[in-house]
Amino acid sequence: MAVLTGVLARGRTSGSGRGPGHGLPVTPWLFLIVPLGLLVLFTYVPVANMVWYGFTSWDGLDPVKEPVGLDNYVRIFTDPQMFEVFFVSLYYLAGAAVQLVLALYFATVLSFDTRFRNFFKGVLFFPYLINGVAIGLVFLFLLRPGGTLDATLALVGVSEPPQWLGDPSLVNVSLAATSVWRYLGLNFVLFLGAIQSIPGELYEAADLDGATSWQKFRYIIAPAIRPIIGLTTILAISGSLSVFEIPWIMTGGANGSTTFVIQTVQQAFQFNKFGLASAMAVVLLLIVLLVTWIQRRLFPDERVDLT
Amino acid sequence: MTDHTTIGLPRPPARPPARPAARPDLARHRLARGWRALSPLTTPLGITVKYTSLLIAVACALIPLITVFMAAFKTREEFATSDPLAPPGDWFNLENFVVAFTRGGMLQGFLNTTIILAVSLVGTILIGTMTAYAVDRFDFRGRRLVMGAFLLATLVPAVTTQVATFQVVNGLGLFNTRWAAIVLFMGTDIVSIYIFLQFMRSIPRSLDEAAMLDGAGRLTIYARIIFPLLRPAIATVVIIKGIAIYNEYYIPFLYMPSRDLGVVSTSLFRFMGPFGAQWEIISAGAVLVIIPTLIAFLLLQRQIYSGLTSGATK
C-alpha cells in the first residue's frame with residue numbers, strides 16, 4: 001500500500017512529463033504481472049518453441065530434440081501428399097469470395113428501407129452464432145443420402161442427386177458451402193455497420209448531381225467500407241488456410257477433404273511428428289503475417305472520413 | 001500499425017461513454033432520407049428482385065435448421081418412413097431430448113461448459129480491465145513495449161501455435177483438467193484487452209484526479225471508479241466472449257479428451273459414435289445445443305451486433 005500511495009502523491013496534472021523523479025514506477029507492473037505472464041506463457045513461448053521444434057525431428061516425447069535443419073520445410077513443399085492440402089484451401093477461398101459478395105449485396109439492400117428489415121437481418125446473422133459441432137451435424141443431416149437437400153431437389157425433379165460428401169470431386173464444394181452458410185452472417189453484419197455509418201447527406205448530394213445507384217455504390221459506399229473490405233479479405237484468406245472444424249466434424253478429413261490444420265493436428269497428435277507439425281504451423285503463421293502485411297499496405301487507413 | 005502510435009499521442013477530447021448506443025438510430029434516420037437515392041431498387045422490378053433474393057436467403061438459412069428441429073420430434077419409425085421436409089406427427093414427443101440429455105452426456109457437457117465459461121469470463125474481465133488501466137493511466141518505462149507486445153500478439157492466430165502451446169499446457173500439468181481451457185481462454189484473449197483499452201480512453205482522466213485529491217489509492221480508483229465505468233465494455237466482452245467459449249471446439253478437443261470433461265461441443269461430437277445412424281436423437285442433441293444460443297440472440301440482439309462490430313474491426 002505504501003507503493004500505491006507513493007505513486008499517488010506524484011499527482012498528474014500535465015500528462016506530458018515523463019522524466020525521472022516521477023514516483024515509484026512499480027504500480028503499473030502490479031496490474032500487468034498476471035496479464036503479461038499469461039501473454040508470454042501462452043503466446044510468445046509457444047511461438048518461439050514452435051520455430052525451434054520446426055527445425056527438429058522431435059516426436060513429442062523424446063527428451064532429445066534432434067536438429068534436422070530445413071528437412072521439414074523441404075518435405076512440406078515437395079511431398080505431394082503434404083502439398084495437396086493447399087489445393088483444398090482454394091475451395092474455401094472461392095467460398096470466401098462468394099461469401100463476401102453475398103454479404104455485401106445483402107448488407108447494401110438491408111441498409112435501406114425494407115419491410116421486416118430486422119427479421120431478415122437476424123435470420124442472415126444467426127447461423128454465425130451457432131455452435132460449430134451443431135452446424136456440422138445439421139449439415140450432415142442435410143447432405144446425407146436421402147437427406148433434406150435430396151428431398152428438396154426431388155421436389156424439382158432431380159431424382160438421382162450426387163453423393164454430396166461421398167464423392168471426392170464434390171466433398172470440398174459441399175464443405176466450403178457449409179462454411180459460407182456459417183460465416184456469411186459475420187461479414188454481413190460488419191458491412192452493415194460500416195454502411196450505416198455513412199452520412200445520408202452524401203446520397204442527397206449525389207442525387208442532386210444525378211448519380212445512378214451504381215455510381216452511388218461505387219463512389220460512396222465502396223470507399224466508405226474499404227477498410228472493412230480489407231479486413232474481411234485478410235480474415236477470408238487466413239481463414240481458408242486454417243479451416244478445421246467443419247471438415248473435421250463432417251468427414252474427419254476423408255475423401256480428400258483434409259485441410260492444412262487437420263493435417264497439422266494429425267501429424268502431431270496421431271503420428272507424433274511434432275517437428276513436422278511445428279514446421280507446418282510456422283508456414284501457416286508466416287502466410288497469415290504476409291497476408292496481414294499486404295493488407296496493411298493496400299488499406300493503410302484505419303478509418304475513412306467522408307465528411 | 002497506426003494503432004501503436006495513436007496510443008502514445010495526446011488523447012482526443014473524451015467522449016461520453018454512452019456514444020455507441022446513440023449512434024445507430026441517428027444513422028438510420030439519415031439513411032431513410034437518403035433512401036430515394038437508390039432508385040432502381042424502388043422500381044417494381046427492383047423490388048421484386050430484392051424481396052425474392054431475401055426470401056431465398058431466408059430459406060437457405062432456415063431450412064437446414066428447421067428440418068433438424070422437426071426430426072428431433074419424430075419417433076424412430078416415423079423418421080425412417082417420413083420425408084425430411086415433413087413435420088413430425090406429434091410436436092410433444094420429447095423422448096429424443098430426454099435420451100440425448102441423459103444418455104448422451106449432454107448434462108455433463110452443459111455443466112462443464114458453465115464452469116469453464118464462468119471462471120474464464122471473470123478472469124478475462126479482470127485481466128483485460130487491469131491491463132487497460134495500467135497501460136492507459138500510467139506513464140512508465142516500457143509502456144510502449146507492453147502495448148506493442150499485446151498488439152503484436154493479435155497477429156498470431158491461436159490455431160497456428162496449438163502444437164507448441166500443447167507442450168506448455170502439458171508441462172504445467174494442466175492437460176486434461178478444466179484449467180487447460182480456462183487459462184487458454186483467459187491468456188490468449190487479446191481482443192477483449194483491446195476493447196477495454198478503446199473504451200478506457202473515453203473515460204475522462206479528471207475523474208481519477210478528483211479521486212486522488214480525495215485521497216484514493218490506485219487500487220481504489222481501479223476498483224471503485226474505473227471498473228464500474230467500464231461496465232458497457234464489460235457487457236460487450238461478456239457477450240462476445242461468452243458466445244465464443246460456448247461454441248469453442250478446438251481447445252476442449254485437444255486439451256480435455258477425458259469423457260468427464262466433455263463440454264457442450266465435444267459431448268455433442270462424441271454423440272455421433274454411440275448414436276450412429278439414430279438421426280432423430282442426434283438432431284435432438286443439436287437442437288439442445290442451439291436453443292441457449294437462440295435465446296441469448298433474441299434477448300441481446302443489439303448488443304451482439306455492436307459488440308461484434310467493435311471487436312472485429314478494432
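What counts as what
Residues numbered from 1 in each chain as written. Chains lettered and ligands numbered in written order. Predicted model: local features only at pLDDT ≥ 70, side-chain atom pairs only at ≥ 80, totals over all residues. Heavy atoms only, no water. Helix = DSSP H or I, 4+ residues; strand = E, 2+ residues; numbered from the N terminus. Buried < 20%, exposed > 50% of the residue type's maximum accessible area, 1.4 Å probe, protein only. Contact = heavy atoms within 4.5 Å. Areas by Shrake-Rupley, 256 points an atom, 1.4 Å probe, with all protein chains shown as cover. Axes fitted to C-alpha atoms, helices over the stretch in contact; angles between N-to-C directions. Left-handed = near helix turned anticlockwise from the far one by under 90°. Nonpolar A, V, L, I, M, F, W, Y, C, P; charged D, E, K, R; others polar. UniProt positions renumbered as here; feature names shortened; annotations may be inferred. Buried area = accessible area lost by both parts, 1.4 Å probe. Salt bridge = Lys/Arg side-chain N within 4 Å of Asp/Glu carboxyl O. Polar contact = N/O pair within 3.5 Å; in protein donor to acceptor, adjacent residues only side chain to side chain. Domains from an automatic or database assignment. Phe/Tyr/Trp six-rings, centres within 6.5 Å; stacked < 30°, edge-to-face > 60°. Lys NZ or Arg CZ within 6 Å of the ring centre and 35° of its normal.

Draft legend 1. Examining the overall build of chain A more closely. Along chain A, the regular secondary structure elements total 14 helices and zero strands. Traced from its N-terminal end to its C-terminal end, chain A shows the element sequence α-α-α-α-α-α-α-α-α-α-α-α-α-α. Split into buried and exposed, the 307 residues of chain A put 52% on the buried side. Across chain A, the fraction of contacts at a sequence separation of at least 24, relative to all contacts at a separation of at least 6, is 65%. Surface accessibility of chain A: about 13,800 Å² in total, with carbon and sulfur atoms responsible for 66%.

Draft legend 2. Local environment of the packing of helix α4 (residues 80-111) of chain A against helix α8 (residues 171-196) of chain A. All names here are of chain A. In contact at an axis separation of 7 Å, α4 and α8 are set at 35 degrees when each is read in the N-to-C sense. The handedness of the crossing between α4 and α8 comes out as right-handed. Class assignment for the residues of the contact of α4 with α8 results in 20 nonpolar, eight polar and no charged.

Draft legend 3. A look at the UniProt feature "transmembrane region" (unreviewed entry) in chain B. Residue and element names in this part refer to chain B. As recorded in UniProt, the sites labelled "transmembrane region" (unreviewed entry) are residues 54-73, 110-133, 145-167, 179-200, 221-246 and 281-300. In the segment residues 54-73, helix accounts for 90% and strand for 0%; the C-alpha atoms at its two ends are 29 Å apart. Annotated as residues 281-300, this span is 100% helix and 0% strand, and its ends, taken at the C-alpha atoms, are 29 Å apart.

Draft legend 4. Examining the interface of chain A and chain B more closely. With 109 residues of chain A at the contact, the number on the chain B side is 113 residues. Across the chain A to chain B interface the summed buried area is about 9,900 Å²; carbon plus sulfur atoms make up 75%. Put simply, chain A and chain B have zero salt bridges between them. Viewed at the interface, chain B and chain A are joined by 12 residue pairs in polar contact (both at pLDDT 80 or more). For the side of chain A that touches chain B, the leading source of residues is helix α2 (residues 27-54) of chain A, giving 20 residues. Here the side of chain A that touches chain B is built from residues that sort into 70 nonpolar, 23 polar and 16 charged.

Draft legend 5. Representation of the domain arrangement of chain A within the structure. Residues and elements named next belong to chain A. We note that the domain assignment places domain 1 (43-78 + 259-299) and domain 2 (87-253) within chain A. The distance between the C-alpha centroids of domain 1 and domain 2 comes to 31 Å. With 15 residues of domain 1 at the contact, the number on the domain 2 side is 17 residues. Taken together, the two surfaces of domain 1 and domain 2 that pack against each other cover about 1,300 Å², and 80% of this comes from carbon and sulfur. The largest contributions to the domain 1 side of the interface with domain 2 come from Thr259, Ile262 and Phe299, which together make up 39% of the buried area.

Draft legend 6. Up close: the environment of threonine 264 of chain A. Positionally, threonine 264 of chain A belongs in helix α13 (residues 260-270). Residue classification places threonine 264 of chain A among the buried positions, given a relative accessible area of 8%. Taking C-alpha positions, threonine 264 of chain A is 8.2 Å from leucine 276 of chain A, a pair spaced 12 residues apart along the chain. Apart from the residues within four sequence positions on either side, threonine 264 of chain A is in contact with Ala277 and Met280 of chain A together with Val163 of chain B.

Draft legend 7. Broad picture of the packing of aromatic side chains. All names here are of chain A. Per the stated rule, a full pass over the model turns up 42 aromatic pairs over all chains. Here the aromatic rings of tyrosine 53 and tryptophan 58 are separated by 4.7 Å at their centres, their planes lie at 45 degrees, and the arrangement is tilted. We classify tyrosine 53 as buried; its relative accessible area is 5%. Sitting over the face of the ring of tryptophan 58, lysine 65 holds its NZ or CZ atom 4.5 Å from the ring centroid. Sitting above the plane of the phenylalanine 141 ring, arginine 144 keeps its charged end 4.7 Å from the centroid.

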